[in-house]
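# Summary of the model geometry
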Amino acid sequence: MQRLLFYFLPLLAIIMTTSCAIKKTAERPLILVSIPPYKCFLEKIVGKNFIVKSVVPEGKNVHTYEPKPQDLTRLQGAVVWFQLGESFEDKLTATLQEKSPALQICDLRDFTKLIPIHTTSCCSHHHHQLDLHMWLSPKTVAKQCTKIASILETRLQTNFQQN
């Protein structure tokens, strides 16, 4: 009997510890970003209290990305999505908000000065677009991270300024 208890109690302790850890992970709110560089920035801001996922998986081309049904499953349940104005965002926003009505959208272009780029097509027509590669500027990223922390504090009632 003592031998049985000797083996059973540690096993019970491991099971209880593991199940608590799994439950803790599931309780962390999900934050979405459109592209992988912002995943890194957000993880530095929010620490381990939140799960941060990039909508576009690492290694995929942002400009040609089309979400698959399993991508939608991976992204459901998010509380905030920081968007950049990529072409896939509008279509995906409607679908995700249908599945997760509490999802709040924050467009990073709203508080970032974008640089216009001029292109010429094969027919010599000039096209005016805005450069969405704002994450390449350290100054812009620093300002955005401060604003992101402020937005998260307001929307999620959590303090991120120490990060």
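Structure shown above.
Criteria and thresholds
- Residues numbered from 1 in each chain as written.
- Predicted model: local features only at pLDDT ≥ 70, side-chain atom pairs only at ≥ 80, totals over all residues.
- Heavy atoms only, no water.
- Pairing = 2+ DSSP bridges.
- Helix = DSSP H or I, 4+ residues; strand = E, 2+ residues; numbered from the N terminus.
- Axes fitted to C-alpha atoms, helices over the stretch in contact; angles between N-to-C directions.
- Phe/Tyr/Trp six-rings, centres within 6.5 Å; stacked < 30°, edge-to-face > 60°.
- Buried < 20%, exposed > 50% of the residue type's maximum accessible area, 1.4 Å probe, protein only.

Another aspect to go through is the sheet that holds strand β1 (residues 30–33). The strand order across the open sheet built from four strands is β2-β1-β3-β4, with neighbouring strands paired in parallel fashion. On the outer flanks of this sheet lie β2 (51–54) and β4 (104–107), each paired with one strand and no other. Neighbour-to-neighbour, the strand axes of the sheet open up by a mean angle of 20°, direction not taken into account. Bridge count for β1 against β2 is four bridges, and the pairing is parallel.

Attention now goes to the packing of aromatic side chains. The tally for this structure, following the rule as stated, stands at two aromatic pairs. Seen from their ring centres, Y38 and F41 are 5.3 Å apart, and the 90° between their planes marks the pair as edge-to-face. Remark: F41 and Y38 occur in helix α2 (residues 36–46); sequence separation between them is three residues, near one turn of the helix. Residue classification places Y38 among the buried positions, given a relative accessible area of 2%. Between Y65 and F88, the aromatic rings sit 5.4 Å apart at their centres with planes inclined by 85°, giving edge-to-face as the arrangement. Here F88 lies in the loop between β3 (78–83) and α4 (89–99) and Y65 lies in the loop between β2 and α3 (69–75), a separation of 23 residues in the sequence. Of the residues examined, Y65 reaches a relative accessible area of 6% and is grouped as buried. Of the residues examined, F88 reaches a relative accessible area of 4% and is grouped as buried.

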